[in-house]
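Chain and residue survey
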Amino acid sequence: MGTSRPCPSLKSLSNKFGGILRFCHSRNRYERLDSKLEKKMIEVKQRSTSGNSKFRSINSIILRFPQFREGLQEIRDVFRQYDVDSNGFINREELRNCLQELQFNYTEQEIDDLFECCDLSGRKGMKFNEFIVVLCLIYLLVGTDPSSNETGTKFGSPVLKATFDTIIEAFLFLDKNGDGKLNKKDISKAMNDHFPLEKSPIHVTTTRFKEMDWNKDGKVGFREFLFSLTNWVGIDSNEEVHVTQI
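All values derive from a computational prediction rather than experimental measurement.

Conventions we followed
- Residues numbered from 1 in each chain as written.
- Predicted model: local features only at pLDDT ≥ 70, side-chain atom pairs only at ≥ 80, totals over all residues.
- Heavy atoms only, no water.
- UniProt positions renumbered as here; feature names shortened; annotations may be inferred.
- Helix = DSSP H or I, 4+ residues; strand = E, 2+ residues; numbered from the N terminus.
- Buried < 20%, exposed > 50% of the residue type's maximum accessible area, 1.4 Å probe, protein only.
- Contact = heavy atoms within 4.5 Å.
- Disulfide = S-S within 2.5 Å.
- Salt bridge = Lys/Arg side-chain N within 4 Å of Asp/Glu carboxyl O.
- Polar contact = N/O pair within 3.5 Å; in protein donor to acceptor, adjacent residues only side chain to side chain.

1. Examining the UniProt feature "domain: EF-hand" (unreviewed entry) in the chain
- Here, UniProt's "domain: EF-hand" (unreviewed entry) annotation points to residues 70-105, 162-197 and 200-235.
- In the segment residues 70-105, helix accounts for 58% and strand for 0%; the C-alpha atoms at its two ends are 28 Å apart.

2. A look at the environment of Gly 125
- Assignment of secondary structure puts Gly 125 in the loop between α7 (108-118) and α8 (128-143).
- Look at Gly 125 and you get buried, because its relative accessible area is 0%.
- Expressed as a C-alpha distance, the spacing of Gly 125 and Ile 90, which sit 35 residues apart in the sequence, is 5.2 Å.
- Leave out the neighbours within four places in its chain, and Gly 125 touches Phe 89, Ile 90, Asn 91, Phe 115, Asp 119 and Glu 130.

3. Quick look at the state of the cysteines
- A full pass over the atoms with the stated rule returns zero disulfides.
- Lacking any disulfide linkage, Cys 118 is separated from the closest cysteine sulfur, that of Cys 117, by 6.3 Å.

4. Some words on the pattern of salt bridges
- With the rule as written, the count across this model stands at 14 salt bridges.
- Residue Glu 116 is joined to Arg 92 by a salt bridge in which the shortest nitrogen-to-oxygen separation is 3.6 Å. With Glu 116 in helix α7 and Arg 92 in helix α6 (residues 92-101), this residue pair connects regions lying 24 residues apart in the sequence.
- Where Glu 211 meets Arg 208, a salt bridge forms, and the shortest distance between an N and an O atom there is 2.9 Å. Of this pair, Glu 211 and Arg 208 both sit in helix α12 (residues 202-212), separated by three residues, roughly a single helical turn. Each member of the pair, Glu 211 as well as Arg 208, is classed as buried.

5. Section: the side chain of Thr 230
- Within the fold, Thr 230 resides in helix α13 (residues 222-232).
- Within the local environment of Thr 230, its side chain forms a polar contact with the backbone oxygen of Phe 227, the two atoms lying 2.9 Å apart.
- Those residues within four positions of Thr 230 in sequence are excluded, and the remaining contacts are Asn 129, Ile 132, Val 133 and Ile 235.

Here you go:
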C-alpha cells in the first residue's frame, strides 16, 4: 500500500469484480447487503473510543499483514470441513449447512445475498478467500453487538475473533468521517497525516484507492475493503477468478 506500483492480481480482480456489479441482474443484492454493512460500521464507529485505536498510520496497518494472514488461515479447517465434495469451493448448499451448524439464524434470502455478493466467479461456488469475506461480514453484522457474547465462540477461535476485530478497527481508522465507507480523501488523510513532511504523491493515493474501489463508484465499503485486504496479505492471491457476464 505504501508504494506507487499497483498489485497486478488485485487490479485484475478489481476489474472483474466491477464487471460483475455492472452485469449482474441481482445488483440490488449488493446494495441491500452493503447498506446493512454501512449502517453497522457506523454503529461500531460511534461506540468506539478513537483514542484507543491500535493504528496511528497506514504503515501500522501494513505491519499487521502477517498477523492478519496467520489469523485468517485458521478459517482453512472450517472451509475444508464444509467443502463436502472437496472441490475447493463452497457452494450455496454447503454455505447454508455451515451457517446452520454454526447456529447463525439467517433467512434464505440473507444466505443468498451473502453467497451472491461474495461468489466472484459465479460458477462453482466460493473460493477460500471469498469464504473468509463471508465469515468476516457475518462477524461484523452479528458479532460486534455488545449485547451478544456468543458469536466469538461460534467461530471457535479467539485468534480469529481478535483478527476480525483488528480488521474492523483498521477500516474504522481509515474511515475518517465515520460514515461507514471510505473515499479518496479518507485514504489520503490516512496516508499523509502521520508523516506530514513525507506526503505520498497524489498518484500513489489514487492507485491505492482504485485498488479498493472495485465497482468504481467513488466509495469503498467494508466488503470491497475485505476483498482487497485478503489479496494484500496474500490469501489465495495467485488464483485466477473467472467471471461470467450475465
